[in-house]
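Summary of structural features
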Amino acid sequence: MNHDSLIKVKNIRKQFGDKVAVQDVSFDIKKGEIFGLLGPNGAGKTTILRMMTTLLRQDAGKISLNGFDTLTQGRLARQQFSITGQTAAIDQDLTARENLIIFGKLNGLSRGDAKTRAVELLTDFDLANSADQTLATFSGGMRRRLDLAISLIGKPAILFLDEPTTGLDPRTRMQMWRAVQKLVAEGSTVLLTTQYLEEADHLANRIALIDHGKMIAIGTPSDLKKHVGGMQLRIEITDQKWRVQVQKIAHDTLALPVNVSDRTLTVLIDDTSMQMVPQVLNQLQAAKVPISNFAIETPPLDDVFLKMTVGKN
Ligand SMILES: Nc1ncnc2c1ncn2[C@@H]1O[C@H](COP(=O)(O)OP(=O)(O)OP(=O)(O)O)[C@@H](O)[C@H]1O
């Protein structure tokens, strides 16, 4: 038994009528990890999350949170975690500070402790300057940060984030990512569901890919990228006018399909074509093509995801 695992999910299954929504899914999450559940629409992520948060009973299998079984010790299991998405319960006519104090008291804190905790959280989530504005004046990103702050009032050991940045602009998404990373640095363990591959890649230490209710892969982002087999050659040119020439050089030398987007050309390469990569560079230099980047790297997670799920849904 792994004593480091804070969350254990073993062979869980859920069926709705004839539809098997989750089938034999197992994973462990270690203390301090950010674990991502990634999968296409209808894959079963929400159903897994609902079973883990005791909102739904699994038909088979076992889930334990910090040692407490979700079916037989539901009340204790619930005390181990918090989940975001409580914005519906937030009062729009009150300020951020007042909302935090109310939720603090609902979590059993005295008025004094609730006030202190509110100040801590407002500072942590960059909301100190807007603390005394009513929520009606808050942007989407500020609301999302307040929602995350509220879910942390009780200092939960485990935090479930259900699609935390859906609909946010890139800058606000980065702020949320930093907030989540800070939480983990302070000792929380996070399970997040996301439809953004980039988010899972950036944030999660490990990812479980879910498709048709089954877990089709699990590992670190770089483990998963190895599944596509091989590496990617990326060439960036300084001017689009060179695109056709670079595409021809890469294609003729490597005999592989070349993807082109703006000033970036990419080729998925195997071991054999890897030997030919220096020739591509030599030819680009001989043709005096100005390049700003020439890299061999692991391919993006998107390719893994597509390779494993495309055509099956
Ligand atoms: N209460 C329910 N009754 C019947 N079928 C359900 C119920 N809940 C979920 N399902 C079905 O189970 C499957 C998995 O749904 P789930 O919501 O878990 O997927 P998801 O991966 O979270 O998708 P999304 O990214 O769209 O939220 C789907 O086919 C869905 O229609």
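On a predicted model such as this, the values are computed, not experimentally measured, just so you know. Residue positions are counted from 1 within each chain, in the order its sequence is given. Side-chain atom pairs in this predicted model are given and counted only at pLDDT of 80 or more, local residue features only at pLDDT of at least 70, and totals for whole chains, interfaces and linings cover all residues.

Focus: the domain arrangement of the chain
One frequently used descriptor of interface size is the decrease in accessible area upon assembly of the parts. Residue ranges for the domains trace back to a domain assignment, done automatically or taken from a database. The domains assigned to the chain are domain 1 (1-80 + 156-219), domain 2 (92-153) and domain 3 (226-309). Averaged C-alpha coordinates put domain 1 and domain 2 at centres separated by 25 Å. Contacts between domain 1 and domain 2 engage 10 residues on the former and 10 residues on the latter. In this count, Pro and Cys sit with the nonpolar residues alongside Ala, Val, Leu, Ile, Met, Phe, Trp and Tyr, while Asp, Glu, Lys and Arg are called charged and the others, Gly among them, polar. Of the residues in the side of domain 1 that touches domain 2, the class split is six nonpolar, three polar and one charged. Whether two residues are in contact is decided by their C-beta atoms, placed from the backbone, lying within 7 Å.

What about the site of the ligand?
Defining nearness, a residue is near a molecule or strand when the C-beta atom obtained from its backbone falls within 6 Å of it. If you check the shell around the ligand, you find Phe16, Lys19, Ala21, Gly39, Asn41, Gly42, Ala43, Gly44, Lys45, Thr46, Thr47 and Gln195 and nothing else. The numbering of helices and of strands both runs from the N terminus, where a helix is a DSSP run of H or I of at least 4 residues and a strand a run of E of at least 2. Every element with two or more residues in the shell around the ligand is listed here: strand E2 (19-30) and helix H1 (45-52). Looking at the shell around the ligand, the element that brings in the most residues is H1, giving three residues. Here the shell around the ligand is built from residues that sort into three nonpolar, seven polar and two charged.

Details of the pairing of strand E1 (residues 5-16)
In this analysis, strands are considered paired if DSSP registers two or more bridges between them. When E1 meets E2, the two strands line up antiparallel, connected through eight bridges. Following the sheet pairing, Phe16 is matched in E2 by Lys19.

As for unusual backbone geometry
Unlike most non-glycine residues, His212 shows phi in positive territory, near 50°. Taking the number of C-beta atoms within 10 Å as the measure of exposure, His212 has 17 and is therefore partly exposed. Note on burial: count the other C-beta atoms lying within 10 Å of the residue's C-beta; 20 or more is buried, 12 or fewer is exposed, in between is partly exposed, and C-beta positions come from the backbone.

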